[in-house]
Amino acid sequence: MSTVDDPREPLEFLQGTLEVLILRSLQAGPNHAYGISQFLEQQSGREFVVDNGSLYPALQRLLQRGWLAAEWKVSPNARRARYYTLTPGGREQLIRESSKWQRFVEAMTRVLNPEA
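Scoring rules and cut-offs
Residues numbered from 1 in each chain as written. Predicted model: local features only at pLDDT ≥ 70, side-chain atom pairs only at ≥ 80, totals over all residues. Heavy atoms only, no water. Salt bridge = Lys/Arg side-chain N within 4 Å of Asp/Glu carboxyl O. Buried < 20%, exposed > 50% of the residue type's maximum accessible area, 1.4 Å probe, protein only. UniProt positions renumbered as here; feature names shortened; annotations may be inferred. Helix = DSSP H or I, 4+ residues; strand = E, 2+ residues; numbered from the N terminus. Phe/Tyr/Trp six-rings, centres within 6.5 Å; stacked < 30°, edge-to-face > 60°. Lys NZ or Arg CZ within 6 Å of the ring centre and 35° of its normal. 1 Å grid on protein atoms, 1.4 Å probe; cavity = no way out; pocket = protein on both sides within 12 Å on 5 of 7 lines; lining within 4 Å. Points joined across faces, edges and corners; volume = space filled by probe spheres on them. Contact = heavy atoms within 4.5 Å. Pairing = 2+ DSSP bridges.

Caption draft 1: Representation of the pattern of salt bridges within the structure. This structure, assessed with the given rule, holds four salt bridges. The partner of Lys73 in a salt bridge is Glu71, and the shortest N-O contact between them spans 3.9 Å. Residue classification places Lys73 among the partly exposed positions, given a relative accessible area of 33%.

Caption draft 2: Expanded view of the UniProt feature "domain: Transcription regulator PadR N-terminal" (unreviewed entry) in the chain. UniProt's entry tags residues 22-94 with the feature "domain: Transcription regulator PadR N-terminal" (unreviewed entry), counted in the numbering of this structure. The span residues 22-94 is 48% helical and 22% strand by assignment, and the distance between its end C-alpha atoms comes to 9 Å.

Caption draft 3: The arrangement of the packing of aromatic side chains in detail. One pass over the structure, following the stated rule, counts one aromatic pair. Taking the centre distance of 5.1 Å and the plane angle of 70° together, the rings of Trp101 and Phe104 count as edge-to-face. Of this pair, Trp101 and Phe104 are both found in helix 4 (residues 88-112), three residues apart, which corresponds to roughly one turn of the helix. Assessed through its relative accessible area of 40%, Phe104 is described here as partly exposed. Geometry around Tyr83 places Lys73 over its ring, the cationic atom sitting 5.5 Å from the centre. The positively charged end of Arg80 is found above the aromatic ring belonging to Trp72, 4.5 Å away from the centroid.

Caption draft 4: Inspection of the layout of surface pockets at higher detail. Here the largest pocket is characterised by a volume of approximately 380 Å³. Around the largest pocket, the lining comprises 17 residues; the ones closest to its centre are Leu14, Thr17, Phe48, Trp101 and Val105. Elements supplying a minimum of two residues to the lining of the largest pocket: helix 1 (17-25) and helix 4. When residues in the lining of the largest pocket are grouped by element, the largest group, eight residues, is from helix 4.

Caption draft 5: Quick peek at helix 2 (residues 33-43). Within the sequence span of helix 2, burial applies to Ala33, Gly35, Ile36, Ser37, Leu40 and Glu41. On the buried face of helix 2, the contacting elements are helix 1, strand 1 (31-32), helix 3 (52-64) and strand 3 (80-86). Backbone geometry just after helix 2 places Gly45 at a positive phi near 65°.

Caption draft 6: Up close: the sheet that holds strand 1. Pairing is antiparallel across the open sheet formed by three strands, whose spatial order is 1-3-2. The open sheet has two edge strands, strand 1 and strand 2 (68-74), and neither has a second partner. Sheet topology note: the strand 2/strand 3 ladder contains seven bridges and is antiparallel. By the bridge assignment for strand 3, Glu71 is matched with Tyr83.

Caption draft 7: Looking closely at the environment of Leu94. Following the sequence through the fold, Leu94 ends up in helix 4. Judged by its relative accessible area of 4%, Leu94 is buried. Along the primary structure Leu94 and Tyr84 are separated by 10 residues, whereas in three dimensions their C-alpha atoms are 15 Å apart.

Structure, rendered in structure tokens:
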């Protein structure tokens, strides 16, 4: 058993991270599920690959919490798609979660690299 991470495999999401990444992906504007998935893959340098079995339940949870709104529109390729938009509550949640993650990353960095 290797103790070194395989850089060829996409990273698994830590619990609760997919929701905040979806919120972040919608900060610039509305998008459909495929577009959200593509945004996350591109912005992460292909480290995060989101499967539909995780993405759609996460979108549903965010809708139920009132952090997203959704409406059906026609995509640029003339297909009907459900577009998701951040609500004001979703923007507030993104700010809160981003702050928590920044603190988490800083604490992990201090522990893992105490001399940095």
